[in-house]
Amino acid sequence: MKLKNYMEDVVALLLDELIRDRDMCKCELCRLDIMAIALNNLPPKYIVTKKGEVYAKTDLLSRQYRTDVIIQLLKAMEIVSKNPHHKHI
């Protein structure tokens, strides 16, 4: 068994959808910065068992849950796109 913050998976999944059509850097550093900012502003969803994973996935189907994650990701994307931690070549 392993302790896991399922919110990390949700944020990564939704980030892939959101960043695809944006005109911004999509490098690994920028992606991780976006995820870190969003995760720091979202409640964690820790799971240990498969049953917990099923419960967490059911939560994702909630429109409000998904909306909250998207809002935090969009805010984080704006922050990172204005202040990337690397130089563009």
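Residues numbered from 1 in each chain as written. Predicted model: local features only at pLDDT ≥ 70, side-chain atom pairs only at ≥ 80, totals over all residues. Heavy atoms only, no water.

Comments concerning the nonpolar core
- By size, the foremost hydrophobic cluster in this structure holds 22 residues, and its most contacted members are V11, I34, V69 and L73.
- Listing elements by their share of this core, those giving two or more residues are α1 (7–19), α2 (28–40) and α4 (63–82).
- At seven residues, the largest contribution of residues to this core is made by α1.
- Setting aside chain neighbours within four positions, we find I34 in contact with L15, I19, M24, L73, A76, M77 and V80. (Core = buried A, V, L, I, M, F, W, Y, C linked by side-chain atoms within 4.5 Å. Buried < 20%, exposed > 50% of the residue type's maximum accessible area, 1.4 Å probe, protein only. Helix = DSSP H or I, 4+ residues; strand = E, 2+ residues; numbered from the N terminus. Contact = heavy atoms within 4.5 Å.)

A closer look at the pattern of salt bridges
- In this structure the tally under the stated criterion is four salt bridges.
- Linking D9 and K4 is a salt bridge whose minimum nitrogen-to-oxygen distance equals 3.1 Å.
- With a relative accessible area of 34%, D9 lands in the partly exposed category.
- Note on K4: relative accessible area 30%, which makes it partly exposed. (Salt bridge = Lys/Arg side-chain N within 4 Å of Asp/Glu carboxyl O.)

Structural notes on the state of the cysteines
- As enumerated under the stated definition, the model contains zero disulfides in all.
- The structure places no disulfide on C25, whose sulfur is separated from the nearest cysteine sulfur, that of C27, by 3.5 Å.
- Distance from the sulfur of C30, which forms no disulfide, to the nearest cysteine sulfur (C25) is 3.7 Å.
- The class for C30 is buried, based on a relative accessible area of 1%. (Disulfide = S-S within 2.5 Å.)

Points about the confidence of the model for the protein
- With 85% of its residues at a pLDDT of 70 or more, the protein has an overall mean of 87.
- Summarising per-element confidence for the protein, the mean pLDDT is lowest in helix α3 (residues 50–60) (68) and highest in α2 (97). (pLDDT = per-residue confidence, 0-100.)

Looking at a nonpolar patch on the surface
- A surface patch of nonpolar side chains, about 530 Å² in accessible area, is lined by M1, L3, Y46 and V48.
- Tracing the chain through its elements places Y46 in strand β2 (residues 46–47). (Patch = residues over 30% accessible without salt bridge, like charges linked within 9 Å, V, L, I, M, F, W, Y side chains within 5 Å. Areas by Shrake-Rupley, 256 points an atom, 1.4 Å probe, with all protein chains shown as cover.)

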